[in-house]
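Secondary and tertiary structure notes
Okay, here's what each chain looks like letter by letter:
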Amino acid sequence: MVRAHLARLASILALVVASSAGIAAAQDAPPSPVASPVGTAGLRSEPFGEVDGQPVERYTLTNANGIEVVILTYGGIIQSIRVPDRDGAMANVVLGFDTLDEYVASSPYFGAITGRYANRIAGGQFTLDGQTYQLPVNNPPNSLHGGEKGFDKRVWTASEGSSPDGPSLVLTYTSPDGEEGYPGTLDVTVTYTLTDNNELRIDYHATTDAPTVVNLTNHSYFNLAGEGSGTIYDHVLQLNASAFTPVDETLIPTGEIAPVAGTPFDFTRPKPIGQDIRDGSSEQILIGRGYDHNFVIDRPEGDDTSLVQVARVVDPESGRVLEVASTEPGVQLYTGNFLDGTFAGTSGKVYRQGDGFCLETQHFPDSPNQPDFPSTELRPGEEYTSTTVFAFSTEE
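Residues numbered from 1 in each chain as written. Predicted model: local features only at pLDDT ≥ 70, side-chain atom pairs only at ≥ 80, totals over all residues. Heavy atoms only, no water.

Looking at the side chain of Gln-79
Note the cut-off: Secondary structure follows DSSP: runs of H or I at least 4 residues long count as helices, runs of E at least 2 residues long count as strands, and numbering of each begins at the N terminus. We call a residue buried when its accessible area falls under 20% of the maximum for its residue type, exposed when it is over 50%, and partly exposed in between, using a 1.4 Å probe and counting protein chains only. Here a polar contact is recorded for every N or O atom pair within 3.5 Å, except that within protein the pair must consist of a potential hydrogen donor and a potential acceptor, and residues adjacent in sequence are included only if both atoms are side-chain atoms. Any two residues whose heavy atoms approach within 4.5 Å at even a single point are treated as in contact.
When you line up the elements, Gln-79 lands in strand 4 (residues 78-84). Taking the relative accessible area as the measure of exposure, Gln-79 reaches 5% and is therefore buried. Among the polar contacts made by the side chain of Gln-79, one reaches the side chain of Arg-58 at a distance of 3.2 Å. Within the structure, the side chain of Gln-79 is placed 2.8 Å from the backbone oxygen of Phe-97, a separation counted as a polar contact. Discounting residues that sit within four places of it in the chain, Gln-79 has contacts with Phe-48, Arg-58, Val-70, Leu-72, Asn-92, Val-94, Phe-97, Asp-98 and Tyr-103.

Listed below in structure tokens is the structure:
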């Protein structure tokens, strides 16, 4: 009996020693580069593989309400946004992949920063100050989203931002003169801030050492019912846009600013995204295989740059609401028309046509070749700035 008692004492002493050693080791270990533990408000990071020998990191921003946004340094990609439905159930509401290899191999710009020029430039050419520049024709016969290797395929440098509104991630990238055919060295900063008001704010900033053109946006595909849950055709959309820019058969704007009234493009009052998407009498719907068009955001007269309401989207089933505000003059509504069932997303579900929608705040497509469109030129000494806010909430 004495031996059994001594054995128990020895066992307890061993546990105490082991625990003390573990505490000491933890105290001696170097601090994590991001202090916030899993599940608490703040910013944390983890390795996410390599691209061409460059390490890629994955950052998670969490606000005080438990909403999480996951961002990759590869392409500045928003991999997931987890928000609650009306009953508090959390779900990821953006399309994406589980692995870096999938993003590198086959991503249709899921969640990425697109640039140096988001959207299309006709014929892959533009003229600036009398000089013509040739860009990669990666979406024949046009150039799309910055070329073969745009900003969506670059590894960005990350640092923790400083914002009183919530956790913030700052990504920077320097695009050298001539990259993808664009003139001038462009220094770009994109800052993601997740506020305690459940807003994801994206601030863009760029400067150049030579005249160039710039148009930056984020290419997230949303599904407020939850990623992989099916189509977004029942989502109810309202756009603060009484005009749009019709396109030719290659999806380049014709130059016309056309009223939406009396067309399938009228979202000035809330209606389901799918209500008119199969309207075969609309040449524009047929050209885009759905919606893949730039809408002209309504603004007060003389106001070109203030932050204004762009869109409101509601998923009636879950009650989730997305509101978009921006300083940009346009927004591209894209309804996932080219998702073709050839890959699966983070849920393991295959993505098909209409399984997500994009609201890409932007200057208009092909602006460098369209003198009547708002200018996208940037010159030395000037600053490119743009802000877009995605605000999440619920309704009964």
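Quick look at the packing of aromatic side chains
Condition: Pairing of aromatic side chains requires ring centres within 6.5 Å, counting the rings of Phe and Tyr and the six-membered ring of Trp. Pairs whose planes differ by under 30 degrees are stacked, by over 60 edge-to-face, and all others tilted.
The final tally for this structure, using the stated rule, is 24 aromatic pairs. Here the aromatic rings of Phe-343 and Tyr-351 are separated by 6.5 Å at their centres, their planes lie at 85°, and the arrangement is edge-to-face. Judged by relative accessible area, which is 16%, Phe-343 ranks as buried. Here Tyr-351 falls in the buried class, since its relative accessible area comes to 0%.

A look at the nonpolar core
Counted only if it meets this: Among buried residues, the Ala, Val, Leu, Ile, Met, Phe, Trp, Tyr and Cys ones that are joined through side-chain atoms within 4.5 Å form a nonpolar core.
With 60 residues, the main nonpolar core has Ile-78, Ile-81, Tyr-192, Leu-239, Phe-295, Leu-322 and Leu-359 as its most contacted residues. The biggest single contributor to this core is strand 13 (residues 186-194), with five residues. Excluding anything up to four places from it in sequence, Leu-239 contacts Phe-267, Thr-268, Phe-295, Val-310, Ala-311, Val-331, Leu-333 and Leu-359. Counting 19 residues, the second-largest nonpolar core is a separate cluster that includes Leu-72, Ile-77, Leu-95 and Tyr-103.

A short note on the pattern of salt bridges
Side chains carrying opposite charge are able to pair once their charged atoms draw close together. Going by this rule: The rule for a salt bridge is simple: a side-chain nitrogen of Lys or Arg has to be within 4 Å of a carboxyl oxygen of Asp or Glu.
Under the definition given, this model contains 13 salt bridges. In this structure, the salt-bridge partner of Glu-180 is Arg-154, at a minimum N-O distance of 4.0 Å. Of the two residues, Glu-180 is situated in the loop between strand 12 (168-175) and strand 13 and Arg-154 in the loop between strand 10 (143-144) and strand 11 (157-160); the sequence distance between them amounts to 26 residues. On the accessibility criterion, Glu-180 (18% relative accessible area) is buried. Across the salt bridge formed by Arg-379 and Glu-377, the nearest N and O atoms sit 3.1 Å from each other. The exposure class assigned to Arg-379 is partly exposed, which follows from its relative accessible area of 27%. A single network of salt bridges, built from pairs that share partners, joins Asp-129, Glu-377 and Arg-379.

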